[in-house]
There are 2 protein chains.
Amino acid sequence: MCQSNAYLLDQAGGEKLLMEDVSLITPLDEGGVELIGLFGDRLTVQATIKEMDLLKHRIVMIESNE
Amino acid sequence: MCQSNAYLLDQAGGEKLLMEDVSLITPLDEGGVELIGLFGDRLTVQATIKEMDLLKHRIVMIESNE
């Protein structure tokens, strides 16, 4: 299984788990990132991608204010 | 194995395989994206991420002119 977990870093440097088993990641033209999970669940987050580590199954995003 | 292949879409809509077995993807502050492969090989590409499909093992990027 190759899904990853998505984490959000807030401006204070804290990290929280946003979504497990993310299968599709789409940066949006209008800003933000759309995450789609294994079962079709969707989440749009105002953030930018910082790093995706496919071996560690980690997608790390940073909160944006835009 | 959860690495993905990275593809680049050019302005004309063509798609080419840029790198196989990408394990780490990092958008760069100065623009572009750094790809690191399973064996530590690195490639920096002037592109933005369009979509990452972890089930299909596809990272699709679009050429940027910045």
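Structure: see above.
Computed from a prediction, not measured in an experiment: that's the story for all the values here.

Procedures and definitions
- Residues numbered from 1 in each chain as written.
- Chains lettered and ligands numbered in written order.
- Predicted model: local features only at pLDDT ≥ 70, side-chain atom pairs only at ≥ 80, totals over all residues.
- Heavy atoms only, no water.
- Salt bridge = Lys/Arg side-chain N within 4 Å of Asp/Glu carboxyl O.
- Helix = DSSP H or I, 4+ residues; strand = E, 2+ residues; numbered from the N terminus.
- Least-squares fit on C-alpha atoms with pLDDT ≥ 70 in both.
- Contact = heavy atoms within 4.5 Å.

Trainee: Which residues make up the pattern of salt bridges, and what are the values?
Mentor: Residues and elements named next belong to chain B. Tallied over the full model, the rule gives four salt bridges over all chains. The salt bridge partner of E15 is R58, with a shortest N-O separation of 3.3 Å. Here the residue E15 occupies a position in strand β2 (residues 15–27), and R58 occupies one in strand β6 (residues 58–63), the gap between them amounting to 43 residues. Residue R42 is joined to E34 by a salt bridge in which the shortest nitrogen-to-oxygen separation is 3.0 Å.

Trainee: Explain the relation of the copies chain A and chain B residue by residue, including any values.
Mentor: Under the fitted operation, chain A is carried onto chain B by 0.0 Å of movement along the axis and a turn of 180°, and the coordinates agree to an RMSD of 0.0 Å. These values place the two chain copies in the arrangement generated by a two-fold rotation axis. Nearest to the rotation axis, the C-alpha of C2 of chain A is located 2.6 Å from it, this being the minimum over chain A. Looking at the interface residues of chain A, 100% of them are also at the interface in chain B, so both copies use one shared face.

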